[in-house]
Amino acid sequence: MPARNSWIKATFLTAGGAALAGCAGPLSTLDPAGPSAGAIANLFYVMFAGSVILFVLTIGLLLATLLKPGFGKSLSPRRWIVWGGLAMPVVVLTALVIFALAMGERLIASPLASAPERVEARASQWVWTFSYPDREGAADTISVLHIPAGEPVDIVITAEDVIHSFWVPRLGGKLDAIPGHENVLRLLADQPGTYGGVCAEFCGVGHANMDFVVQAHEPEDYAATVSGAATEASQ
Amino acid sequence: MKSPATETVRRFPILWLVAGFGLWSLTFLTLYMVLTLGCAFSWHMTDHAFGLSLQRIVLVTLALLACIANIGMIRLYRRSELHERRDTIGVAADRLNIVALFCIIFTFGPVVALSPCH
């Protein structure tokens, strides 16, 4: 029996460790580094809490009927169906939908008083190319996106061949890169640092390796860095 | 003389079971299509009556039409001989069409206020 217990313990520890390992790292949505990703993480936690509440209520009622014969007899079957099967999920799901819609509105790149920095992201099989139209003379960068930290940046996303998807999990949601069409994603990194990005739409055999990094710089260093990238590119 | 449509529904009463949610599906596809077209043609940038964009007017009108069509469907069904029989399919069809109306309001109601384009 002790050997069996230690196997159970080891299994739980391994599974728990593997699950918790996904909470951190350069591509973790549960370790947000900006307001958009923060809103998405909050949405996840609220959705998760909602599902836990519904699960506990449902299993609790099931266990009550199993362990205590006669439980719930005071209510007619019709009332059980209406309140437990209709009213309860409708209330919980309505609250979750309202919260999700409110969070979704916050993610939209609506016009600001002062226009944010614009960066163009072009996807092609299987590489990301970034341009800086607001910075005169700045050269394109391949697989490295430079942005200023602490300021909103509008990423204008498009593709040259097939549909791809731009995703920096720690900074925001994903948005499709579609040939002949421009989508705008607003990102903001709270702190300078390096954040991982990937293509989130299967786009061919090289899809799995179509990643990039976002380097968020202090605003005063950003212009120099982008110009430096131009110098490096020209050499 | 009954119309072919009425005759079809009389012969296949199960059609009433799916009528409400069939309308919901059709509305979903139509709104999705019109939303995409409107965003592509910048209908959301136009300013029509009461500060409403063409995109908003079209989407809200379509959602309202779906509500009206569903209510009409419920009333039409309640006048039919199928509804008078009060059998299982008849009662289920009546309830499902009412549930479909709530789903139409719940799912498409947000077109009144949400941002139409990204």
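To be clear, the structure that these remarks concern was listed above.
What counts, and at which threshold
Chains are numbered independently. Their residues run from 1 in the order of the written sequence. For naming, the first written chain is A and the first written ligand is 1, with later ones following in the order written. In keeping with the predicted nature of the model, local features appear solely for residues at pLDDT of at least 70, side-chain atom pairs appear and are counted solely at 80 or more, and the whole-chain, interface and lining totals rest on all residues. Hydrogen atoms and water are omitted, and side-chain values are computed over all heavy atoms in the structure. For our purposes a nonpolar core is just a set of buried Ala, Val, Leu, Ile, Met, Phe, Trp, Tyr and Cys residues, chained together by side-chain atoms within 4.5 Å. Think of it in three bands: with a 1.4 Å probe and only protein chains considered, a residue is buried below 20% of the maximum accessible area for its type, exposed above 50%, and partly exposed in between. We count a stretch as a helix when DSSP gives it H or I for four or more residues in a row; a strand needs E for two or more, and each element gets its number in order from the N terminus. Contact between two residues is taken to exist if any of their heavy atoms lie within 4.5 Å; hydrogens are not considered. Simply put, the buried area is the total loss of 1.4 Å probe accessible area from both parts when two parts are fitted together. The salt bridge criterion pairs a side-chain nitrogen of Lys or Arg with a carboxyl oxygen of Asp or Glu, the two atoms within 4 Å. Polar contact is the term for a pair of N or O atoms within 3.5 Å; when the atoms are in protein, one must be able to donate a hydrogen and the other to accept it, and sequence-neighboring residues count only if both atoms are side-chain atoms. Just so you know the grouping, Ala, Val, Leu, Ile, Met, Phe, Trp, Tyr, Cys and Pro go in nonpolar, Asp, Glu, Lys and Arg go in charged, and all remaining residues, Gly too, go in polar. We treat two strands as partners when DSSP finds at least two bridges between them. To obtain an axis, a line is fitted to C-alpha atoms, over the contacting stretch when the element is a helix, and the angle between two such axes runs from 0 to 180 degrees between their N-to-C directions.

K.L.:
Lay out the nonpolar core with the relevant residues and their values.
P.N.:
Counting 32 residues, the largest nonpolar core has W128, F130, L145, I155, F166 and L171 of chain A as its most contacted members. Tallying contributions element by element places strand β5 (residues 153-159) of chain A first for this core, with four residues. One finds C67, A93, I104 and V111 of chain B within the second-largest nonpolar core, a separate group that totals 18 residues.

K.L.:
Which residues make up the interface of chain A and chain B, and what values do they have?
P.N.:
At the interface, seven residues of chain A touch six residues of chain B. Interface area, chain A with chain B, both sides summed: about 660 Å², of which 69% is carbon and sulfur. The three residues of chain A that bury the most area against chain B are L101, E105 and I108 of chain A, which together make up 57% of that side's buried surface. At the surface where chain A touches chain B, the tally comes to zero salt bridges. Where chain A touches chain B, the interface holds one residue pair in polar contact (both at pLDDT 80 or more). With four residues, helix α3 (residues 77-106) of chain A is the largest single contributor of residues to the side of chain A that touches chain B. Of the residues belonging to the side of chain A that touches chain B, the class tally is five nonpolar, one polar and one charged.

K.L.:
Report on the sheet that holds strand β10 (residues 211-217) of chain A, specifying residues and quantitative values.
P.N.:
By definition, the strands of a sheet pair up through backbone hydrogen bonds, in either a parallel or an antiparallel sense. All names here are of chain A. An order of β4-β10-β9-β6-β7 is seen for the five strands of this open sheet, with the pairing classed as mixed. Both edges of this open sheet fall to β4 (144-148) and β7 (175-177), since each of them pairs with a single strand only. Each strand of the sheet is rotated relative to its neighbour by a mean of 30°, with strand direction disregarded. When strand β6 (residues 164-167) meets strand β9 (residues 193-199), the two strands line up antiparallel, connected through two bridges. Following the sheet pairing, F166 is matched in β9 by C199.

Any functional reading would require information that these geometric values do not contain.
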